[in-house]
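Commentary on secondary and tertiary structure
Chain by chain, the residues:
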Amino acid sequence: MSENTHETKALPRVSPAMDILERDDGFYVFMDIPGVRREDLKIDINETELVVTGRAPQGASDKETFLEVQFGPGEYTRAVSLSDRVDRERIKATLKDGVLTVFLPRLEKPAARRIPVQTA
Amino acid sequence: MVLDFNTLYTYPGRFERLFEDFFKPMYGGEGRRPVFPPLNVSEDEANYYVRSEIPGLPMDGLELTLTEKSLVIRGERPTEQGKYYRQERPAGFFQRVVALNVPVDRDSVRATLTDGILTVILPKCEGCIPRKISIDVA
């Protein structure tokens, strides 16, 4: 299978299961994207959203006949809206054993400051 | 769908997404599945293949048992600690049994786990590959 035909073949779109949780240091997003290699995974951040897309190709060869099918190849897409409290510069993502972990650190609060009022 | 903490949240692609959700097949909504983990079973001339999507587990967190008549896949998905806003991923103990109604070469069964996909290759035994029997006409 050449890389080109691979690219053009449309796969069914799948919305991966996702967990979002909060810890002391920030938010964590976990996504189940089995079958996606690191080079096939894209994470885009725009103004308000973090968009994850990844392709999981068919793992079987063409010669096999299927007796039971409960999952198939697919293109995972899922968007997470980003909070204002997230520090966009320090977002970290790791992919291990088919689970994507995105760490969204909390933005450090700027210290409160009093503005002196000057008399004209 | 969202972590809605934004003060002024706009919805780019909101309507597109609404349509997409609407036309999605019934069973696959929001990644929910009837069973975990899903299994694919296939065969070719030489082997049977059992594939399964088991993300988030190392190989040693997974227990594979080959009994007389079945292949058992067992394990536990860990739960992350923290305050949950959304939990869709299945967690906890799971077990799936694949009934083997066919003889396999038990000693050369192999299993691999890459990117969260488990592949078990069960070679068909030598004696079970169909052979043609020539009939001599007396």
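Residues numbered from 1 in each chain as written. Chains lettered and ligands numbered in written order. Predicted model: local features only at pLDDT ≥ 70, side-chain atom pairs only at ≥ 80, totals over all residues. Heavy atoms only, no water.

**Remarks on the sheet that holds strand β2 (residues 47-53) of chain B**
A sheet is described by the order of its strands in space; here five strands give the open sequence β6(A)-β1(B)-β2(B)-β8(B)-β7(B), paired in antiparallel fashion. The open sheet terminates on both sides in strands that have one partner only, identified here as β6 (65-69) of chain A together with β7 (110-114) of chain B. With direction set aside, neighbouring strand axes in the sheet form an average angle of 15°. Where strand β1 (residues 39-43) of chain B and β2(B) come together, five bridges link them in antiparallel fashion. If you follow B:Val41 over to β2(B), its bridge partner there is B:Val50. (Pairing = 2+ DSSP bridges. Helix = DSSP H or I, 4+ residues; strand = E, 2+ residues; numbered from the N terminus. Axes fitted to C-alpha atoms, helices over the stretch in contact; angles between N-to-C directions.)

**Quick notes on the confidence of the model for chain A**
Residues and elements named next belong to chain A. Mean pLDDT over chain A: 86, with 92% of residues reaching 70 or higher. Within chain A, strand β9 (residues 99-105) carries the highest mean pLDDT (94), whereas helix α1 (residues 3-8) carries the lowest (47). Note that pLDDT drops below 50 for residues 1-8; the model gives that stretch four contacts with residues more than four away or on any other chain. (pLDDT = per-residue confidence, 0-100. Contact = heavy atoms within 4.5 Å.)

**Describing the interface of chain A and chain B**
Facing the 45 residues of chain A at the interface are 50 residues of chain B. The contact between chain A and chain B buries some 4100 Å² in all, and 50% of this surface belongs to carbon and sulfur atoms. Here B:Lys83 and A:Glu22 are joined by a salt bridge, their closest N and O atoms 3.9 Å apart. Between chain A and chain B we count 23 residue pairs in polar contact (both at pLDDT 80 or more) in total. Breaking the side of chain A that touches chain B down by element, the ones donating at least two residues are β2 (18-23), β3 (26-32), β6, β7 (74-81) and β9 of chain A. Here the side of chain A that touches chain B gets six residues from one element, more than from any other, and that element is β2(A). A class-by-class count of the residues in the side of chain A that touches chain B yields 21 nonpolar, 10 polar and 14 charged. (Buried area = accessible area lost by both parts, 1.4 Å probe. Salt bridge = Lys/Arg side-chain N within 4 Å of Asp/Glu carboxyl O. Polar contact = N/O pair within 3.5 Å; in protein donor to acceptor, adjacent residues only side chain to side chain. Nonpolar A, V, L, I, M, F, W, Y, C, P; charged D, E, K, R; others polar.)

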